[in-house]
Amino acid sequence: MVGEEPDRLGIGSVETAAAILGALAEGGGQMPLGELAVAAGMHRAKVHRYLISLTRTGLVAQPERNGAYSIGPLAISIGLAGLRRVDPIRIAYEALPVLRDRVDETVFLAIWGDMGVTCIGFEESARPVTISIRVGSVLPFLSTAAGQVFAAYMPPARVDRFDERDRKQSRLRPAAAVELSKGEPATLLREVRERGLARVRGALFAGVNALAAPIFDHRGDLSTVVGIMGRQETLDVAWDGDAARELKEFADGLSRRLGFAGNGLHRKPRVGEG
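None of the values given here were measured: they were computed from a predicted structure.

A tally of regular secondary structure across the chain gives 11 helices and nine strands. Buried residues in the chain amount to 45% of all 274 residues. A separation of at least 24 residues holds for 59% of the contacts in the chain among residues at least 6 apart in sequence. Just so you have it, the chain exposes about 14,700 Å², and 53% of that area is on carbon and sulfur atoms.

This brings us to the sheet that holds strand β3 (residues 69-71). Within the open sheet, the three strands sit side by side as β1-β3-β2. Their pairing is antiparallel. Edge positions in the open sheet fall to β1 (30-31) and β2 (60-61), since each of these has one partner strand only. Both β1 and β3 contribute to a ladder of two bridges, which runs antiparallel. Each bridged residue has a counterpart across the sheet, and for M31 the counterpart in β3 is Y69.

Looking now at the environment of D236. With respect to the element layout, D236 can be found in the loop between β9 (222-231) and α11 (242-257). Judged by its relative accessible area of 47%, D236 falls in the partly exposed class. When the C-alpha atoms of D236 and N209 are compared, they prove to be 7.8 Å apart, with 27 residues separating the residues in sequence. Beyond its immediate chain neighbours, meaning those up to four positions away, D236 contacts L211, G241 and A243. Within polar-contact distance, the side chain of D236 engages the backbone nitrogen of A238 at 3.0 Å.

What follows covers the packing of helix α3 (residues 33-40) against helix α4 (residues 44-57). One way to put it is that α3 packs onto α4 with a least axis distance of 9 Å and a crossing angle of 105°. Classified by the interaxial angle, the pair formed by α3 and α4 is roughly perpendicular. For the pair α3 and α4, the contacting residues are L33, G34, L36 and A37 in the first and R44, V47, H48 and L51 in the second. Class assignment of the residues belonging to the contact of α3 with α4 gives a composition of five nonpolar, two polar and one charged.

Take the packing of aromatic side chains next. For the coordinates displayed, the defined rule picks out four aromatic pairs. Both rings, one in W112 and one in F150, keep their centres 6.0 Å apart while their planes meet at 40°; by these two values the pair is tilted. One end of the pair, W112, is in strand β4 (residues 106-113); the other, F150, is in helix α7 (residues 145-152), and 38 residues separate them in sequence. Its relative accessible area of 2% is what places F150 among the buried residues. Connected via pairs of aromatic rings, a cluster forms that spans Y153, F216 and F260.

With that out of the way, let us pick up α7. In terms of burial, α7 is largely enclosed, as eight of its eight residues are buried. Among the residues of α7, those classed as buried are A145, A146, G147, Q148, V149, F150, A151 and A152.

What counts and how
Residues numbered from 1 in each chain as written. Predicted model: local features only at pLDDT ≥ 70, side-chain atom pairs only at ≥ 80, totals over all residues. Heavy atoms only, no water. Helix = DSSP H or I, 4+ residues; strand = E, 2+ residues; numbered from the N terminus. Buried < 20%, exposed > 50% of the residue type's maximum accessible area, 1.4 Å probe, protein only. Contact = heavy atoms within 4.5 Å. Areas by Shrake-Rupley, 256 points an atom, 1.4 Å probe, with all protein chains shown as cover. Pairing = 2+ DSSP bridges. Polar contact = N/O pair within 3.5 Å; in protein donor to acceptor, adjacent residues only side chain to side chain. Axes fitted to C-alpha atoms, helices over the stretch in contact; angles between N-to-C directions. Parallel < 35°, antiparallel > 145°, perpendicular 65-115°, else oblique. Nonpolar A, V, L, I, M, F, W, Y, C, P; charged D, E, K, R; others polar. Phe/Tyr/Trp six-rings, centres within 6.5 Å; stacked < 30°, edge-to-face > 60°.

Nothing here speaks to function; it is geometry throughout.
Given below as structure tokens:
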């Protein structure tokens, strides 16, 4: 329509500059010209011309020592202003229906609370699962996909303490307890970090599968955990399955909205974290 045409028009140079800034941010915030040009998918000379203007405006800075370009003071100020308006839990909670509709399964959101892994959001699909978990429920540590994600980014001492608590409270079905005891928690949690996903098959509730993925904030800290649960006959938890792919893409997208520019797959817990 003629009336919509002005809204579709834009300034190509601005979009190009934004693409360069985006590549710089995704590269860790500091990159030499050559690497930045490759990351942006542009010719080196073109990127250099844009960097001259971006440096003049303060959006980019070029340290004298190594010549690498970095995020400038103006870009930092803009980013901080945006971060002050970010509410990680609200953003993740409001996005849950999108994931539910994509996978047509029940989805959930969990945070780390005073008592441990706490469910704060549910969105049921047209084929809900019958479980006793509701908003406010505290989830077991290693027998749930969400618990495994939190455990993967916490010090081993905390993992051991909560694992012991869950076992003492008999929060595992006998068959699941035997299955988990066959492998060391460290091996299990290392796989979670490597894949960026956790999964369980009927570990807490018979016949119920689940997947979970981490959502990171701008500091690279675990913010929340989002997951999918469903009956074993409908929810395929294969690492390369459709549900796993959709969940990973969804979680990564939310992490980017929160300002995370790194790679959460291999992030290790900080010393004393948690």
